[in-house]
Amino acid sequence: MRGQWFIDGTWQPLEEEESNLIEQEHLSRFKGRQMQENFDTEMSKSIDGKDAIHSFKLSRNHVDWHSVNEVYLYSDATTSKIARTVTQKLGFSKASSSGTRLHRGYVEEATLEDKPSQTTHIVFVVHGIGQKMDQGRIIKNTAMMREAARKIEERHFSNHATHVEFLPVEWRSKLTLDGDTVDSITPDKVRGLRDMLNSSAMDIMYYTSPLYRDELVKGLQQELNRLYSLFCSRNPDFEEKGGKVSIVSHSLGCVITYDIMTGWNPVRLYEQLLQKEEELPDERWMCYEERHLLDELYITRRRLREIEERLNGLKASSVMQTPALKFKVENFFCMGSPLAVFLALRGIRPGNTGSQDHILPREICHRLLNIFHPTDPVAYRLEPLILKHYSNISPVQIHWYNTSNPLPYEHMKPSFLNPAKEPTSASDNEGISTIPSPVTSPVLARRHYGESITNIGKASILGAASIGKGLGGMLFSRFGRSSASQPSETSRDSMEDEKKPAASPSTSTVATQTLPHSSSGFLDSAYFRLQESFFYLPQLLFPENVMQNKDNTLVELDHRIDFELREGLVESRYWSAVTSHTAYWSSLDVALFLLTFMYKHEQEEDAKPSLDPV
């Protein structure tokens, strides 16, 4: 912590803004005067308001100088003024009754060795929902994470001359959003519960609202850039020496951070949808003149689109687009993240390459890591969104912090959640023909401890890759024209692909279907076509993401992304489901995991041979 003026007794520093103002006033008034050497020199006479040789007014306080090194801070609150008046009438001095003595400098003299190790890696810690309900919570959570990291650094990374600094990012309290409109429409019954929901879960609704989403995104983006600029101004050598920046996001903060890095915007998606809708032919009967005008309209739109593309190309070549963040993200750690669900509902589907670029390009972020507790009800897996068969591969188990000589994560071999077996009866065929619902899927039996601690939330494993299609089927099934047996056939094919990874390529493909139209009127037809277009949105916008892998061999991920904390031996699964979403901050296992990847680049650079230039 930085400080110039400290409170007597506790030796806590004053707030930076007030401290800077007092320092400027002190230097302008007393620069060049000699100070007493001992801070604890007792006052030889009673100090009252008349003995002050200088006073300085702050916003809520004022400061009196009785000498060069006898400085007192007084509160200007009404209650403090009344108490000060009463005690002075009783014969007490102003300083002794209500003043707080200040000291310029710390109680202990500094030495050259009293500085921390050089910071080569900073970590921005981003909160999720609930910050409005408990303001300042992210600062406390970051302090717990920082304390856990210090313990791990002393135990595992004491040989490093550098260290990692954790900085909290509080972005919610500065946003106005709807003001007090939601509070004004909230009923009074069970008000405490309603206020709690308004202060926490309401943030999710704000983010899905087209009216307030940009305010949340810009709030976090501006705070990240402000903190980075402030850190660099105080550490001018950070960028010159190649300092790294990582982000640790929790809950909804993972989704907002992801959208900032990738620039995802639902408005752009809606424009693409409208463009696809315009290209659909109008099948109703039209006269010759009307059809002729429509043909001219299509030609004009195509010409306008070509001009816009040429204009955008000229702009892109002449003006470099300003990146959203002022820094390159080295590692993006997601904790208790629902990001996979948001991506699935946006139409992202498994591909046929094992690259992280499928969901987060490497040029934006070098490494994406998804950390979750096995019983966290908010967390979902990301790997099945890249390669579908990873839904049957268990996430990597995070090492306990006290494990001796743990196996490096890159050397850990994948293990299957359900070993493949041939169905031997009709009941087996029926058992694999249906994918469990993401909501009602039962918890699988616990296997032995070293493999996969728990498979709770089968939905988060199987459902993340297919939840978009599942919800779409429930919402728009009455608009569909396919037979009732089609979902089960699709499910059977997908499960057979998982059960038989080395079998012949699947012959199922995504059929291009003509969107049906209603004949009950123009408005009904437009509404119906819009609903159908949203249902087929993944196929229209991401045709490459819904293609089945045609290769006979299973593709592996370049790097593992999903990492699971180990479940406690005596941990109640039901109680853990309530507490696990907020259990990451003080976990020593999480701290060791974070530092392992942050110090990894230093170890790799040290391991590189130093070759003389030819």
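For clarity, every value in this text was computed on a predicted model and none was experimentally measured.

Asker: Help me out: how do you make sense of the overall build of the protein chain in this one?
Answerer: When you go through the protein chain residue by residue, the secondary structure sums to 21 helices and twelve strands. Within the protein chain, the proportion of its 614 residues that are buried is 41%. Counting only contacts in the protein chain whose residues sit at least 6 apart along the sequence, the fraction spanning at least 24 positions is 77%. Total accessible area computed for the protein chain in this model is approximately 35,500 Å², and 55% of it derives from carbon and sulfur atoms.

Asker: I'm lost on the nonpolar core in this one. Help?
Answerer: Generally speaking, a soluble globular protein has its nonpolar side chains buried in company with each other. By size, the foremost hydrophobic cluster in this structure holds 55 residues, and its most contacted members are Phe124, Ile256, Phe327, Phe332 and Leu382. No other element matches helix α8 (residues 213–234), which puts eight residues into this core. Among residues more than four places away in sequence, those in contact with Phe332 are Ile247, Ser249, Cys254, Thr257, Tyr258, Met261, Leu360, Cys365, Arg367, Leu368 and Leu369. Judged by nonpolar contacts, the second largest core, of 33 residues, contains Val125, Met145, Val164 and Leu592.

Asker: Please explain the sheet that holds strand β10 (residues 365–372) as it appears in this structure.
Answerer: In sheet architecture, strand pairing relies on hydrogen bonds along the backbone and comes in two forms, parallel and antiparallel. One open sheet accounts for seven strands, arranged β7-β6-β8-β9-β10-β12-β11; its pairing is parallel. Looking at strand neighbours, the two that pair on one side only are β7 (162–169) and β11 (396–397), the edges of this open sheet. As judged from the three bridges shared by β10 and strand β12 (residues 562–564), these two strands associate in the parallel manner. Looking across to β12, one finds that Phe372 is bridged to Glu564. Where α8 meets the sheet, it contacts β6 (118–126), β7 and β8 (244–250), and its direction lies at approximately 160° from that of β6.

Asker: Would you mind showing me how to read the pattern of salt bridges here?
Answerer: Side chains carrying opposite charge are able to pair once their charged atoms draw close together. Across all of its chains, the model carries 19 salt bridges by this definition. Among the salt bridges present, the one from Glu330 reaches Lys244, with a minimum N-O distance of 3.9 Å. Within this pair, whereas Glu330 is found in strand β9 (residues 329–335), its partner Lys244 is found in strand β8, the two being separated by 86 residues in sequence. Take Lys244: its relative accessible area is 22%, and that puts it in the partly exposed class.

Asker: Just checking my understanding: could you explain the sheet that holds strand β5 (residues 100–104) for this structure?
Answerer: Within the open sheet, the five strands sit side by side as β1-β5-β4-β3-β2. Their pairing is antiparallel. With one partner strand each, in any of the chains shown, β1 (5–7) and β2 (54–57) form the two edges of the open sheet. Across the sheet, the mean angle separating the axes of adjacent strands is 30° when strand polarity is ignored. Where β2 lies against strand β3 (residues 61–67), four bridges are found, and the strand directions are antiparallel. If you follow Phe56 over to β3, its bridge partner there is Val63. Lying on the sheet, helix α1 (residues 16–30) is in contact with β1, β2, β3 and β5; it crosses β3 at an angle near 35°.

Asker: Looking at this structure, I do not really get the packing of helix α4 (residues 137–156) against helix α20 (residues 588–598). What am I missing?
Answerer: The packing of two helices is summarised by the inter-axis angle and the distance between the axes. It is at 9 Å that the axes of α4 and α20 come closest, and there the two elements cross at 65°. In terms of their interaxial angle, α4 and α20 are classed as roughly perpendicular. Two packed elements cross with a definite hand, and for α4 against α20 that hand is right-handed. Residues Met145, Ala148, Ala149, Lys151, Ile152, Glu153 and His156 of α4 pack against Leu588, Ala591, Leu592, Leu594 and Leu595 of α20.

Asker: How do you make sense of the side chain of Arg566 when you look at a structure like this?
Answerer: Mapped onto the fold, Arg566 is located in the loop between β12 and α19 (573–579). No salt bridge forms around the buried Arg566; measuring N to O, its nearest opposite-charge neighbour Asp589 is 7.0 Å away. Polar contacts involving the side chain of Arg566 include one to the main-chain carbonyl oxygen of Ile398, which spans 3.0 Å.

Asker: Any chance you could explain α20 here in plain terms?
Answerer: Of all eleven residues making up α20, nine are buried, and the element is well covered by its neighbours. Along α20, the residues classified as buried are Asp589, Val590, Ala591, Leu592, Phe593, Leu594, Leu595, Phe597 and Met598. Capping of α20 at its N-terminal end is provided by Ser587; its side-chain oxygen lies 3.3 Å from the backbone amide nitrogen of Asp589.

Asker: What am I meant to see in the pairing of β7 here?
Answerer: Of all eight residues in β7, seven are buried, a share of seventy percent or more. You can see the chain leave β6, run along α4 and come back into β7, and the turn it takes is right-handed.

Asker: How do you make sense of the packing of aromatic side chains when you look at a structure like this?
Answerer: What the rule picks out here adds up to 16 aromatic pairs. Taking the centre distance of 5.1 Å and the plane angle of 90° together, the rings of Phe231 and Phe238 count as edge-to-face. For Phe231, a relative accessible area of 11% puts it in the buried group. On the basis of an interplanar angle of 55° and a centroid distance of 4.9 Å, the ring pair of Phe593 and Phe597 is categorised as tilted. Of the two residues, Phe593 and Phe597 are both situated in helix α20; the distance of four residues between them amounts to about one turn of the helix. The exposure class assigned to Phe593 is buried, which follows from its relative accessible area of 1%. On the basis of relative accessibility, which here comes to 7%, the residue Phe597 falls in the buried class. Against the face of Phe30 rests Arg29, its NZ or CZ located 5.9 Å from the ring centre. For the cation-ring pair, Arg346 lies above Trp264, with the distance from its terminal atom to the ring centre recorded as 3.6 Å.

Asker: Would you mind going over the pairing of β10 with me for this structure?
Answerer: For a regular strand, side chains alternate in direction, first toward one face of the sheet and then toward the other. By the criterion of burial, β10 is predominantly enclosed, with seven of the eight residues buried. With helix α13 (residues 339–345) bridging β9 and its parallel neighbour β10, the resulting β-α-β unit is right-handed.

Asker: Help me out: how do you make sense of the confidence of the model for the protein chain in this one?
Answerer: Low pLDDT marks regions whose predicted coordinates should not be analysed in detail. Mean pLDDT over the protein chain stands at 74; residues scoring 70 or higher make up 64%. Note that pLDDT drops below 50 for residues 37–49; the model gives that stretch 24 contacts with residues more than four away or on any other chain. Predicted confidence is poor over residues 608–614, with pLDDT under 50, and the contacts of this stretch with residues over four places away or in other chains come to zero contacts.

Asker: Which parts of the structure should I look at to understand unusual backbone geometry?
Answerer: What you tend to see is this: most non-glycine residues have negative phi, and most peptide bonds are trans. Backbone geometry at Ser251 places phi at a positive 55°, although glycine is not the residue there. Inspection of the secondary structure assignment puts Ser251 in the loop between β8 and α10 (252–262). For Ser251, a relative accessible area of 5% corresponds to the buried category. Not every positive phi belongs to a glycine, and Asn405 is a case in point at roughly 50°. In this fold, Asn405 is placed in the loop between β11 and α14 (426–432). For Asn405, a relative accessible area of 77% corresponds to the exposed category.

Each value, and the rule that gives it
All residue numbers refer to positions counted from 1 along the written sequence of the respective chain. Totals for whole chains, interfaces and linings use every residue, but because this is a predicted model, local features are given only for residues with pLDDT of at least 70 and side-chain atom pairs only at 80 or more, for both listing and counting. Note: side-chain values were computed over all heavy atoms of the structure, leaving out hydrogens and water. Each helix is a run of H or I in the DSSP string that is no shorter than four residues. Each strand is a run of E no shorter than two, and both are numbered from the N terminus. Working definition: with a 1.4 Å probe on protein chains only, accessible area under 20% of the residue-type maximum means buried, over 50% means exposed, and in between means partly exposed. Only heavy atoms matter for contacts: two residues are in contact if any of them lie within 4.5 Å across the pair. Using the Shrake-Rupley algorithm and a 1.4 Å probe, accessible areas are obtained, with residue cover drawn only from the displayed protein chains. We call a set of buried residues a nonpolar core when its members are Ala, Val, Leu, Ile, Met, Phe, Trp, Tyr or Cys and they connect through side-chain atoms within 4.5 Å of each other. When DSSP finds two or more bridges between two strands, those strands count as paired. Note on method: axes are straight lines fitted to C-alpha atoms, helices fitted across the in-contact stretch only, with angles between N-to-C directions ranging 0 to 180 degrees. A pair is scored as a salt bridge if a Lys or Arg side-chain nitrogen falls within 4 Å of a carboxyl oxygen belonging to Asp or Glu. Should an angle fall under 35 degrees it is taken as roughly parallel, and over 145 as roughly antiparallel, whereas 65 to 115 is taken as roughly perpendicular and any remaining angle as oblique. Each crossing gets its handedness from the near helix: less than a right angle anticlockwise from the far helix is left-handed, clockwise is right-handed. The positive count covers Lys and Arg only, the negative count covers Asp and Glu only, and His and the chain ends enter neither. Throughout this description, a polar contact denotes any pair of N or O atoms lying within 3.5 Å of each other; where both atoms belong to protein, one of them has to be capable of donating a hydrogen while the other can accept it, and for residues adjacent in sequence the pair is counted only when both atoms sit in side chains. For a crossover, the right-handed case is the one in which the path from the first strand over the helix to the second runs clockwise, viewed with the strands pointing away from the viewer. Stacked, tilted and edge-to-face are the three classes assigned to paired rings of Phe, Tyr and Trp, where Trp is represented by its six-membered ring and a pair needs centres within 6.5 Å; plane angles under 30 degrees give stacked, over 60 edge-to-face, the rest tilted. Ring-over charges, as used throughout, are those where CZ of Arg or NZ of Lys falls within 6 Å of the ring centre and within 35 degrees of the ring normal. What pLDDT conveys is the predictor's confidence in a given residue, as a value from 0 to 100.

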